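Spelled out, the chains give:
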Amino acid sequence: MNEVVSVQHVSKSFKNEKAVDDVSFGIQAGEIVAILGPNGAGKTTTILMMLGLMEPEAGFSTLFGSNPKSRKVRERIGAMFQEVSVMDGLTCREILALVRSYYPNPLPVSELTALTGLEEKDLKKRAEKLSGGQKRRLNFALALAGDPDLLFFDEPTVGMDISARKSFWDTIRLLKNRGKTIIFTTHYLQEADDVAERIIMFHKGRIVADGKPEVLKNKLARQTVSFVAENRMPLEECWKLPDVKDVYRLGERIYILSDDSDRVLEALFQHKWDIRNIQTEQGKLEEAFDHLTRSGKREVG
Amino acid sequence: MKIIAAQCKAEMTRMLRNKYFVFWSLFMPILFYYIFTRVVNTGTADQEAWQAHYLMSMTTFSVMGSSIMSLGIRLVQERTQGWTLYMRITPLSHTAYFFAKMASQTLIHLFSIIVIFLAGVLINDVSLSAGVWTMSALWILAASAPFLALGTLVGTMKRVDTASGVSNVVYMVLAVSGGMWMPVEVFPDLMQRIVKWLPSYSFGNGAWEIAAGNLPGISSILILIGYSILFMMFSNYIRRKQEAV
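Residues numbered from 1 in each chain as written. Chains lettered and ligands numbered in written order. Predicted model: local features only at pLDDT ≥ 70, side-chain atom pairs only at ≥ 80, totals over all residues. Heavy atoms only, no water.

Section: the UniProt feature "domain: ABC transmembrane type-2" (unreviewed entry) in chain B
Residues annotated by UniProt as "domain: ABC transmembrane type-2" (unreviewed entry) correspond here to residues 20-242 of chain B. Taken end to end, residues 20-242 of chain B is 79% helix and 0% strand, and its two terminal C-alpha atoms sit 28 Å from one another. (UniProt positions renumbered as here; feature names shortened; annotations may be inferred. Helix = DSSP H or I, 4+ residues; strand = E, 2+ residues; numbered from the N terminus.)

Description of the environment of G65 of chain A
Residues and elements named next belong to chain A. As for its position among the elements, G65 is in the loop between β4 (58-63) and α2 (71-74). A relative accessible area of 62% places G65 in the exposed class. Taking C-alpha positions, G65 is 30 Å from N39, a pair spaced 26 residues apart along the chain. (Buried < 20%, exposed > 50% of the residue type's maximum accessible area, 1.4 Å probe, protein only.)

Notes on the interface of chain A and chain B
Contacts between the two partners involve 29 residues from chain A, matched on the other side by 22 residues from chain B. Summed over the shared surface of chain A and chain B, the result is two salt bridges. Measuring nitrogen to oxygen at the nearest pair gives 3.6 Å for the salt bridge that ties D88 of chain A to R14 of chain B. Applying the counting criterion to the chain A and chain B interface returns ten residue pairs in polar contact (both at pLDDT 80 or more). Of all elements in the fold, only α2, β5 (77-80), α3 (92-100) and α6 (132-144) of chain A reach the threshold of two or more residues within the side of chain A that touches chain B. Residue contributions to the side of chain A that touches chain B peak at four residues, all from α3 of chain A. Here the side of chain A that touches chain B is built from residues that sort into 16 nonpolar, six polar and seven charged. (Contact = heavy atoms within 4.5 Å. Salt bridge = Lys/Arg side-chain N within 4 Å of Asp/Glu carboxyl O. Polar contact = N/O pair within 3.5 Å; in protein donor to acceptor, adjacent residues only side chain to side chain. Nonpolar A, V, L, I, M, F, W, Y, C, P; charged D, E, K, R; others polar.)

What to know about the nonpolar core
Grouped together as the largest cluster of nonpolar side chains are 85 residues, with contacts concentrated most on L138, F152 and I172 of chain A. When residues no more than four places from it in sequence are discounted, the contact partners of F152 of chain A are I47, M50, L51, L63, I77, G78, A79, M80 and I183 of chain A. The next biggest cluster of nonpolar side chains, apart from the first, holds 52 residues, and it includes L128, M172, Y201 and A207 of chain B. (Core = buried A, V, L, I, M, F, W, Y, C linked by side-chain atoms within 4.5 Å.)

Observations concerning unusual backbone geometry
Residue and element names in this part refer to chain A. A positive phi angle is found at N16, which is not glycine, with a value near 65 degrees. Although it is not a glycine, N277 sits at a positive phi angle of roughly 55 degrees. Within the element layout of this structure, N277 appears in strand β13 (residues 275-281). A residue is classified by how much of its surface remains accessible, and N277, at 43% relative accessible area, is partly exposed.

Description of the sheet that holds strand β2 (residues 17-28) of chain A
Residues and elements named next belong to chain A. Spatial ordering of the open sheet is given by β2-β1-β4, a layout of three strands whose pairing is antiparallel. The sheet is open, and its two borders are formed by β2 and β4, each paired with just one other strand. Neighbour to neighbour, the strand axes of the sheet diverge by 15 degrees on average, direction disregarded. With eight bridges connecting them, strand β1 (residues 3-14) and β2 associate as antiparallel partners. Looking at β2, one finds that E3 is bridged to Q28. Each of β1, β2 and β4 is contacted by helix α1 (residues 43-50), which is oriented at about 125 degrees to β1, the strand it contacts most. (Pairing = 2+ DSSP bridges. Axes fitted to C-alpha atoms, helices over the stretch in contact; angles between N-to-C directions.)

Encoded structure:
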């Protein structure tokens, strides 16, 4: 296996609060990986440490087996950050020409515009006069300028409209087919599920799940059985049902997570509890995510 | 080397396209020069010496301004616009980036010096020997170091508005009290003694001495070196503190 990214027991705190807490993972060449999590989960901090832009307090990480700050690594990576990066006073074409000159084998400008949707008339504009969407495209083009093998995108689709988003992901798939390794962060679950082959889920600075989207769904979002209880029924009762993995109350509904919803239903009917409006659902990634990240707030007991 | 040349070219293009630079570093000094040597009668005995003296005042005024303001504000802009972060993942090293910035700044200063000197020749027929022209240009280039360091200090500020406000005030105060607008001899005695410790006075004084056929005083050189070290240390200290967060 050809490991492109290696993160080893990396930690970072800000003002005594752990932003990233003992995180380790590796990424193989050609993988397309989503780092998924809510705001403040430590996604961006992890990306910045992977890129060598922030020093971890403990642990270390390498890209292509080397220090991420080394020149030979930088010639092979590209990145787009959350905040747009522009250099004012120069036209798009001038900025692209300048940045392309930093790399040994840059992509031609025509290819960069084709991939990112930058238009000929945008190229003539000064960077500071571009619209938000155009700046984003320019940043995408800058990330691709050196024809990198490894690409980082931090919340790439924030602020993009639907068509821009679609064409962005189409390009990402195209780049994947060319053998690029792609890492992106998102809090849109749909994106992670649609595009990534692997999802690393962050919560409170830790990895809470790591795997293929389907495996994650099976593992995390089990089938749920939910119902409305007439009397305010104690949740402990529900724990006595078969194969129960979790029980929680949301509004007037009680949710039971289980590996085998058939047996839960059977048991529910046998108990003859005063309940109504029973529903069963196959878990979606959204729910798995909600479920994982809500843990602090959930009503228990 | 080719990369650094391309980087310098890009930096210079940006500066020349900047309206504020053209206004404050070229237009204003030349306008002031015209007013105080042609329109207003300053009543100096030796007109020719005054015209050469004031040409040096305005050239140092121009170069000091673009060192503090253009450089400082641009550094803040690049950081707030995310460019600094982006540059750190490209193969261009920080040293090359910084070197290109300083080199292009110096070339732009040389350009300003030539333009303003030419204006002096055209407006007042200022005639100095080739040696004096060259020496004064070299002095202005080299002695702008403390102001470039001050520019990097301005560059550590968080917001563009603050940086441009603060640098504007600092620039004007330094220019006026350093004797760039009017000779310090018109100030009260006590003030004269104080302003002679300012970097702007030493900067101008070196150029005035050269224009008068002398050499810059050793005290001017020492004061400028002292301020360079002070500003550089201060700006490095702040930058290190910011990076530690």
